[in-house]
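Residues per chain, in single letters:
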Amino acid sequence: MQTVYSQIVTSADMLKSTIQLEQLIEKLKKNNAKVAAITNSMLYGVLPFWHTLIKNEIQPVIGLTIKVQLDNGPVSLVVYAENNKGYENILKISSAMETRELDLLPKKWLSAYREGLIAVYKADSLLSKDNLIELMAIFKPSCLFIGIERPSGKPTEEESFVRETAEELDIALTVYHECRYVDKEDAFAFEVLHAMDQSVKMTDFQRKKPKPDAHVLSYEEWNEWFADVPEWISNTKTMLERCMVVFDKKKHIMPKYPLPVDVNAKDYLVSLCKEGLKERVPLYTQAYLDRLQYEIDVISQMQYEDYFLIVQDFMKYAKRSNILTGPGRGSSASSLVAYTLYITDVDPLQYGLLFERFLNPERITMPDIDIDFADSKRMEVVRYVAEKYGQNHVSQIITFGTLSAKAAAREVARVFGFEASTMNAISSFIPSKLGITLKEAYDQSPKLREFIQTEDMRKKWFEVALKLEGLPRNASTHAAGIVLSPQPLVNTVPIQKGHDEIYLTQWPMKEVEEKGLLKMDFLGLRNLTIIERILKSIHGKKSSISLKDIPLNDEQTFSLLQKGDTTGVFQLESAGMRNALKQIRPTRFEDIVAVNALYRPGPMDSIPLYAKRKLGQAPITYEHPVLEPILRETYGIIVYQEQIMQIASKMAGFTFGEADLLRRAVSKKNREVLEKERHHFVQKAKQLGHEDQAATSVYDLIVRFADYGFPKSHAVAYSVISYQMAYLKAHYPLEFYGALLSTAIGNQEKINQLVIEMKQRGIAVLPPSIFKSQSSFSVENNGIRFGLQAIKGISYPFTQKLLQQRHKRTTKWEDIFDMASDLSAVFFTRKNIEPLVKAGALDEFGVERSTLLATIDAAVKYAELVSPTEETDLFEGDSSPFGKSKYIKMDPLPIMSKLEFEKEVLGQYFSEHPTVSKKKMDNNIQHIWDIQQSSKDSYVKVIGMVEDIRRIRTKKGEAMAFVTVQDDTGTVSITLFPDDFAKFNTLLKEQAILFIEGKKETRNGRVQIIAKNISTC
């Protein structure tokens, strides 16, 4: 016999169920299920549920569990979509509740959205006849049911009353059983999840316990629990079988660009493109006109004119609003239409970019124009789009975070009441490997196995963690995705309240795209914000530079790149990329494009050959003469996907559309497809007069590089940003480092790295100052002034208040008391002022830091007396009648105390580093920076202060150590193997200043010194 399930809550309803689809389907098939309904409290997980059941030939029903506010009080209902109209109304009900964050659906809304719905009123102790009568006035008799629950198969006390009422009102009864886990054995895991949802421990006496037996009932259990009322099961089956929602095959729902009724979208697009072509390529040739016409024809054939108009419109807004946009991203940079509309800044004809890599007339797909914006202003553009097209037509896209191995382990441990130290130990037992599962961790970690096997409680903990791993844990906003619809979004997808008054879809990216909606990626790129800061700083000096005027043949820029001096340069920062630049020694923009495309696992093996061929150290060879004009720019090496397409076109007469299909097919490495395409390619090549062997060898070349090829359009576009940043670093180093430091606030390691590099370049790093520092780092004369916001412990409101008061004044604060009265007791607190003193920001008062620290409390009391609030100044700006307090004089701080205070709040020593004076005593001592930058492994001598000591034991049980030491130029790791560790262990103390001799080695890109001799200085 077949079974039906009217209330299945899936794990997509976050922390409300442990039911995942794979496990559920297995159970439903085993139980010979005919119909099953999803009844989550939101519409999360609806599409995957529907598709999975259809695939497994089980009828899916879409339901929603809600609470409705009736005149007589709230009631709990499950509403089912009887048809597509009902489904549309469920979308509206869920969206209305979630966008307004309502717990109860108003009765009038239920009445408005009742069409196509079947409602089941859950019978419980609150059931009332009056409520049922209200619902009868809303729903037709055939669309209203009462659901009766029998926990563990036992009738409830109110069941007889419910049955009498249902008979009196002539309302059919159905069985009601919520499934929240698949098997009985999952009950405890669900109870833990339930506690997790309440943020309580299992031992918490106030913890609400879930209902028992919420598993997926078997056919036998259904019939045993409701043996006396088979008609209820029959009613349930009949009701669910009526619910038939059919999703059409994917169709694109393209939005429309607002134009006057008498203006055609294609005509308007053509006029904009022609105007843009004149501006961007004043001396354009016929080739440009032909390419433009071809692209417009393809775009029109695919009916994407409005999409391009929409994108050009918000790009125009961004430029009008001085929001920096990227030169292009992905394959859209290969479009001349995009270039003439100012969507991209890359001329595709100049770089041989193929339109078919973006839009292929032989493979109709949605266009994908992804845009980079300065990350600090991305939301301004999103808001503009929402205002232009309407709040109900624009949404950001939801994304779900799941319980990873570590998260599941820690969360369950917390609910079990494990101590913090135990939870930390558990985390350390699980390898820090992306995507690792608990099962894999158990197999790989002896410590984890040992931990689990020592106690029954730990075994239970691990068993539960395994069951909860992978469940959805939280929802957040996708970093880039934006949906735009010509009709209100609620007609197609459910939405909920988002941020910045922009709605959020209840479905993630894949499900949104499946419904045919246009998804656009608005990406926030930090490097564009850095460039914006640099340009603003340059303009502040009354000089000006425009990115479009930067020449692509600047010798100073190429000199910087050849040296690998690329800290802070987009895409070129890593040690491996620097090494590649040093090998290739770029002398033209195309070299940067190539290195950006090649520096990936696999293709990077070709970097040495590319470098040798470029520098004339190896001959340039071609598999066939046909390849020479295509591969000449990359010295005979296939680097780009476009080159593969060009080879197929030139050798075998493929259209670029066919060539792109070939590239895609071959890259999948399907043996059957490879042989089929080989025959196709070789036959077409032979028709053009090529030999069988030549065609075969070229096809083999395509197969070999199909995976390696990188989209040239993307490489060119992103290399523009790389080059621009390198140019700005070469010509405007002060502004470059100032912007980098400002965006690195909060990342002390990055700031330290930049400060050390600046010192090596002779750029002064000026200490923080309450009179001169801005909120962020700022260019000042020939140096960069430390920003107040970069001082640890300083709050943003305090910084803003200090700068505001400083700006108002005509004179400097005379002393700490003058500053205290000006800032008021609201802001002048020990918490805010102490970090300033430790950082040296108050040194300009001409008083020792020790004295300032001792005087803070007196100054706070003075502020409380003179300016207790921002609005209250008891002496109206003149506190002289009261008289000032005096400094509490103290002896100067010892140099090490002073330095430690600086390191505490600035992350580094600003006063003279204690190793500086020691290094002056011996000319043979090397700077740590110089050792780090040198490519040679040699014997070195350094003086460094011990920063960190890590003592370990070898596999043989012998003691050894890794010691981090620093001087004023940087840090380096010192390795002491067992013999040397035994000799020098007693000298290893934190903050000890040591003279170290040893051999410099580079392993895995990291420099270390193998110590041979150590002594104290």
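Look up a bit, the structure's there.
Keep in mind that this is a model prediction, so the values were computed, not measured.

What counts and what doesn't
- Residues numbered from 1 in each chain as written.
- Predicted model: local features only at pLDDT ≥ 70, side-chain atom pairs only at ≥ 80, totals over all residues.
- Heavy atoms only, no water.
- Disulfide = S-S within 2.5 Å.
- Pairing = 2+ DSSP bridges.
- Helix = DSSP H or I, 4+ residues; strand = E, 2+ residues; numbered from the N terminus.
- Buried < 20%, exposed > 50% of the residue type's maximum accessible area, 1.4 Å probe, protein only.
- Arc of directions from axis to C-beta.
- Contact = heavy atoms within 4.5 Å.
- Expected span 1.5 Å × (residues − 1).
- Phe/Tyr/Trp six-rings, centres within 6.5 Å; stacked < 30°, edge-to-face > 60°.
- Lys NZ or Arg CZ within 6 Å of the ring centre and 35° of its normal.
- Polar contact = N/O pair within 3.5 Å; in protein donor to acceptor, adjacent residues only side chain to side chain.
- Salt bridge = Lys/Arg side-chain N within 4 Å of Asp/Glu carboxyl O.
- Axes fitted to C-alpha atoms, helices over the stretch in contact; angles between N-to-C directions.
- Parallel < 35°, antiparallel > 145°, perpendicular 65-115°, else oblique.
- Left-handed = near helix turned anticlockwise from the far one by under 90°.

Q: Whenever I open this one, the state of the cysteines confuses me. Can you help?
A: Summed over all chains, the structure comprises zero disulfides. Free of any disulfide, Cys143 has its nearest cysteine sulfur in Cys243, 9.1 Å distant.

Q: Mind showing me how you'd approach the sheet that holds strand E14 (residues 518–525) here?
A: Within a sheet, each strand pairs with its neighbour through backbone hydrogen bonds, oriented either parallel or antiparallel. Pairing within the open sheet is mixed, and its six strands lie in the order E9-E14-E11-E10-E13-E12. Pairing within the sheet leaves two strands with one partner each, and these edge strands are strand E9 (371–374) and strand E12 (495–496). Both strand E10 (residues 394–402) and strand E13 (residues 503–505) contribute to a ladder of two bridges, which runs parallel. Bridge pairing links Ser395 to Tyr503 in E13.

Q: Before we go on, may I ask you to explain helix H1 (residues 21–30) in this structure?
A: Counting along an α-helix, one turn takes 3.6 residues, and residues three or four places apart therefore face a common direction. Taken as a whole, H1 has its buried residues at Leu24, Ile25, Lys27 and Leu28. Mapping the buried residues of H1 onto a view down its axis gives an arc of 165 degrees, with all of them on the same face. Residues Glu22, Glu26, Lys29 and Lys30 are exposed on H1 and point more than 90 degrees away from its buried face. Each element contacted by the buried residues of H1 is listed here: strand E1 (3–8), strand E2 (33–38) and helix H2 (46–55).

Q: Please explain helix H38 (residues 895–906) as it appears in this structure.
A: End to end, H38 covers 16 Å across twelve residues, agreeing with the expected 16 Å (1.5 Å per residue, within 8%). Every buried residue of H38 is listed here: Leu899, Glu902, Val905 and Leu906. One side of H38 carries all its buried residues, which in axial view fall inside an arc of 140 degrees. Close packing links the buried residues of H38 with helix H33 (748–760), helix H36 (830–839), helix H37 (849–866) and helix H39 (914–919). Gly907 lies just past H38 and shows a positive phi near 80 degrees.

Q: Quick question: what am I supposed to make of the packing of aromatic side chains here?
A: Here the distance between the centres and the angle between the planes together describe a pair of aromatic rings. Counted under the stated rule, the structure contains 38 aromatic pairs. Ring geometry for Phe373 and Phe522: centres 5.5 Å apart, planes at 40 degrees, overall tilted. Within this pair, whereas Phe373 is found in strand E9, its partner Phe522 is found in strand E14, the two being separated by 149 residues in sequence. A residue is classified by how much of its surface remains accessible, and Phe373, at 0% relative accessible area, is buried. Measuring from ring centre to ring centre gives 4.9 Å for Phe570 and Tyr718, while their planes differ by 65 degrees; the resulting arrangement is edge-to-face. With Phe570 in the loop between helix H22 (555–562) and helix H23 (575–584) and Tyr718 in helix H31 (residues 712–731), this pair connects stretches of sequence that are 148 residues apart. Each member of the aromatic cluster is reached from another via a ring pair, and the members are Phe188, Phe416, Phe418, Phe429, Tyr442, Phe451, Trp461 and Phe462. Directly above the aromatic system of Phe771 lies the positively charged group of Lys812, at a separation of 4.9 Å from the ring centroid.

Q: Help me understand the side chain of Asp967 in this model?
A: Checked against the element boundaries, Asp967 lands in strand E19 (residues 959–967). Side-chain polar atoms of Asp967 contact the backbone nitrogen of Thr969, separated by 2.7 Å. Setting aside residues up to four positions removed in sequence, Asp967 forms contacts with His913, Thr915, Lys919, Gln926, His927, Ile928 and Ile943.

Q: Can you help me understand unusual backbone geometry in this one?
A: As a rule of thumb, non-glycine residues mostly have phi less than zero, and peptide bonds are mostly trans rather than cis. Phi at Glu501 is positive, roughly 60 degrees, even though this residue is not glycine. Within the fold, Glu501 resides in the loop between E12 and E13.

Q: Looking at this model, I keep getting lost on the pattern of salt bridges. Mind explaining?
A: Side chains that differ in sign of charge can pair as their charged atoms come close. One pass over the structure, following the stated rule, counts 61 salt bridges. Notably, a salt bridge pairs Asp197 with Lys16, separated by 3.3 Å at the nearest N-O pair. One end of the pair, Asp197, is in helix H7 (residues 187–198); the other, Lys16, is in the loop between E1 and H1, with 181 residues separating them in the sequence. Between Asp228 and Arg150 there is a salt bridge, with the nearest N and O atoms lying 2.7 Å from each other.

Q: What is the right way to read the environment of Asn424 from this model?
A: If you trace the backbone, Asn424 turns up in helix H16 (residues 420–429). Residue Asn424 is classed as partly exposed on the basis of its relative accessible area, which comes to 46%. Along the backbone, Asn424 and Thr505 are 81 residues apart, and their C-alpha atoms lie at a distance of 36 Å. Polar contacts involving the side chain of Asn424 include one to the side chain of Arg410, which spans 3.3 Å.

Q: Is there a simple way to think about the packing of H23 against helix H24 (residues 589–598) in this case?
A: The relative placement of two packed helices is expressed as an angle between their axes plus a distance between the axes. Interaxial distance between H23 and H24 falls to 11 Å at its minimum, and their mutual angle equals 140 degrees. Viewed along their axes, H23 and H24 adopt a mutual orientation that is oblique. Once H23 is placed against H24, the crossing between them reads as right-handed. In this structure, H23 contributes Met577, Ala580, Leu581 and Ile584 to the contact, and H24 contributes Asp591, Val595 and Asn596.

Q: Can you walk me through the pairing of strand E6 (residues 117–122) in this structure?
A: Across a regular strand the side chains alternate sides, sitting on one face of the sheet and then on the other. With respect to burial, E6 is a largely interior element, six of its six residues being buried. In E6, alternate side chains face the same way, and those of Leu117, Ala119 and Tyr121 on one face and Ile118, Val120 and Lys122 on the other are all buried. By the bridge criterion, five bridges tie strand E4 (residues 73–81) to E6 in an arrangement that is antiparallel. Bridge pairing in E6 places Val79 opposite Ala119.

Q: What is the right way to read the sheet that holds strand E20 (residues 970–976) from this model?
A: Within the closed barrel, the five strands sit side by side as E18-E19-E20-E22-E21. Their pairing is mixed. Across the sheet, the mean angle separating the axes of adjacent strands is 50 degrees when strand polarity is ignored. In the sheet, E19 pairs with E20 via seven bridges, with the strands oriented antiparallel. What sits directly across from Val965, in E20, is Val972.

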